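# Coordinate inspection notes
So you can see what is in the structure, the chains are spelled out below.
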Amino acid sequence: MLSQEQLRWHHGLGLGLGSLGSHLRRSRLRESCALGRCLSRVGVWIPRLRAAASATTRPSRRRIKPRGSALRAMAPGSCAMLGLALLAAAPGSAMAQPQDGGTLASTPWPIVHGSPQNLDTSLVNTSVVDSIVDDNIAVHHAPLLPTTAGILGPGTADRSEPVAIVEGSDGTWWTSGLTSVYCMKVRGDGAFRVIDEYKWGVDVRTSLTTDTYHGSYSFVDKRNFFYASFKNTVRRFSLSSSDEIVVEENTNVRLPDDDHFLALNVNDATGHIVLATNGGRVLVSAKSVNCVDAGEFEDLKFRELDLKARLKALGHIDVMVSTLAISNSIGMGAGALGGVALVATAYGVATLNVDAGPPRVQGWWPIEPYKCPHDTKAATRASCDWFMNRLGPKGTGSSPTAFTIGDDVYVAMTDGQVKPMNLLVAKLEADGGLEEVARQPVLFGDSAYSTSEQSVSVRCDGGGGATMVVVNNYVGINSFDLEDPNIAYFSSKATLTTFNAFLESGAAKAQHLLNTGMAQCLFSPAFIGAAGRGVNLYSFTPGAGVTGPLWSNPHVTSLTTIPLQTEERVWVVGNESADADFTEISIMGVDRATGKVAVKRSLATDWGEGFPYLSALMSNIAYAGIGTDGESLVFGTVRGAVRVAMAEA
């Protein structure tokens, strides 16, 4: 059964959708009225569906792995056999050094959320992916309707919206959907098939805006263990010898009811897990996961640091927001400085050691947050710092991206301002300090406004420099900026106008949507389909700083995609148009030399004909990143996991 809290949340979401639908239906404009009817129906269905699920969902047949049960043979299968001694700095020393071979599998994740060897694709041969053109591209979708036992692929509602799709060293692919974790392999026809699935039943997330995004930033290590965090716990998954998912839930990580996990990373250099919470806590595992064999994960100890209190004690901040103190996910250092965590907070980036010692703040990079104007309407002041299409108020918006040039390590990110935002680069020092070395205002087309929720995609060029891709997510602050020349949407301008009136009405339901973030990070990018147009390419060279943009394409909408750079392309999921409204979402390969779209294939399918809004909604990438294994592109949509490759001859 679903808890009362869960039922209340789903009831609240249903009321919110129903209220918005009612406002849209009352509009005399046909587009708004049609969408209003659709949202009203969804608003009625959600509480009923979740209540039905509450009554029918049974716990998975494989919950927590009993100690000693048989796992698929993994060689080597223990810390001693791996020969991976814990190469961590002693307490009080500056930095842990990376161990040979690292911890993580070569996951095809575009930037910082993966391991140091995967910070950019310059270490991956992408010649096959770059050979994809309009004439040979094949898009393998998840099926529209739920299927039995995953025979046809990842297409049930539980598998919707996978954010990180990561590859193990044994040919398996792991990801986390809306309410399930599932493991896949590539079928003979190039599409994914589900091997097994773990539904967490009564542990279903209670909020799409304040809980961890169903293990969004998740990882696979070289022993093929998959790690994901949830509302207040962390779990490790693996496949048994009979291809069944085995789950280990850590029993030492428990948070108070008013806090939850927001970020997870596994440090490739030291093997330690790092977690950060909404309220500003940071937890680091007491030992490397390389030394945690099957059945032992539940007993793994964690050390905790109250980062918010520590930053205040050090004089770095005077006060920090009580909620969403952590701005986005945790980055990791690179190269010789791989054993450090980069934690993006509401007021800057803190560096922490990731080793056998207790977690401590090593460095602080202050980044001024956006501040709400004093003349803002009283009805919207409470949420003024919380932009549309943003995870939370204040902060950088993006996660830190670390990369190496020569022997030096740098960190790139955007600052979360709006008129305009800035692209920032800092040098990571041996003691964990961060020294800002470059700052570049970022503009797209004719607009004076810009901001980005997505991390900066970095690719080192091997010649002493790097290229950086920044995408635009600005669509307004706490209502849609309909005058901005870069705003785009797959609903209609009438819908945005009506939604603005609803949010500015001062109604209790409108304020609830704003204050909880449902309007900003759920309704805006998902149901309304609002997006900012613009993709820019910059270069960075030590000493010279940031140059550019080398090119700017103001007609490409990247939705909430984390872009991927390959040798010849910049890959995004979105739309290419000079018009604000669009009905088609595509996978696009932008030429790195010219900034023009070289490859484009619609993600729409035959069933979407005649239903452009629903077709676009199901193709929405929803905060996911594009990854590559060198032969294919993988990413998640509302519909499920998608794989793009060259068609068979």
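Anything mentioned here points back to the structure above.
What comes next concerns the included structure. None of the values given here were measured: they were computed from a predicted structure. (Residues numbered from 1 in each chain as written. Predicted model: local features only at pLDDT ≥ 70, side-chain atom pairs only at ≥ 80, totals over all residues. Heavy atoms only, no water.)

Further remarks concern the sheet that holds strand S4 (residues 180-186). Taken in spatial order, the four strands make up an open sheet running S2-S3-S4-S5, and their pairing is antiparallel. With partners counted over all chains shown, the strands left at the sheet margins are strand S2 (166-167) and strand S5 (192-199), one partner each. Relative to S4, strand S3 (residues 173-176) is paired through four bridges, and the arrangement is antiparallel. Residue pairing across strands places serine 176 opposite valine 181, the latter belonging to S4. (Pairing = 2+ DSSP bridges. Helix = DSSP H or I, 4+ residues; strand = E, 2+ residues; numbered from the N terminus.)

Looking now at the sheet that holds strand S19 (residues 408-414). To summarise the sheet geometry, strands pair through backbone hydrogen bonds and adopt either a parallel or an antiparallel arrangement. Spatially, four strands are ordered S18-S19-S20-S21 in an open sheet, and the strand pairing comes out antiparallel. Edge positions in the open sheet fall to strand S18 (401-405) and strand S21 (434-442), since each of these has one partner strand only. For this sheet the average axis-to-axis angle between neighbouring strands, irrespective of direction, equals 25°. The sheet contact formed by S18 and S19 spans five bridges and is antiparallel. Looking across to S19, one finds that alanine 402 is bridged to valine 411. (Axes fitted to C-alpha atoms, helices over the stretch in contact; angles between N-to-C directions.)

Inspection of the entire model under this criterion finds 17 aromatic pairs. Ring centres of tyrosine 449 and tyrosine 474 lie 5.2 Å apart, and the angle between their planes is 15°; on these two criteria the pair is classed as stacked. Of this pair, tyrosine 449 sits in the loop between S21 and strand S22 (457-460) while tyrosine 474 is found in the loop between strand S23 (466-471) and strand S24 (487-489), placing the two residues 25 residues apart along the sequence. Accessibility expressed as a relative area gives 26% for tyrosine 449, which makes it partly exposed. The class for tyrosine 474 is buried, based on a relative accessible area of 3%. Taking the centre distance of 5.5 Å and the plane angle of 55° together, the rings of phenylalanine 523 and phenylalanine 527 count as tilted. Here the residue phenylalanine 523 and the residue phenylalanine 527 both occupy positions in helix H7 (residues 518-528), the gap between them amounting to four residues, near one helical turn. (Phe/Tyr/Trp six-rings, centres within 6.5 Å; stacked < 30°, edge-to-face > 60°. Buried < 20%, exposed > 50% of the residue type's maximum accessible area, 1.4 Å probe, protein only.)

Further remarks concern the pattern of salt bridges. Counting across every chain of the model gives 13 salt bridges. In this structure, arginine 159 and glutamate 197 form a salt bridge, with 2.8 Å as the shortest nitrogen-oxygen distance. With a gap of 38 residues between them, arginine 159 in the loop between strand S1 (137-140) and S2 and glutamate 197 in strand S5 connect regions that are remote in the sequence. Comparing arginine 159 with glutamate 197, the two get one shared label, buried. As a salt-bridge pair, arginine 187 and aspartate 189 come within 2.7 Å of each other at their nearest N and O atoms. The class for arginine 187 is partly exposed, based on a relative accessible area of 23%. (Salt bridge = Lys/Arg side-chain N within 4 Å of Asp/Glu carboxyl O.)

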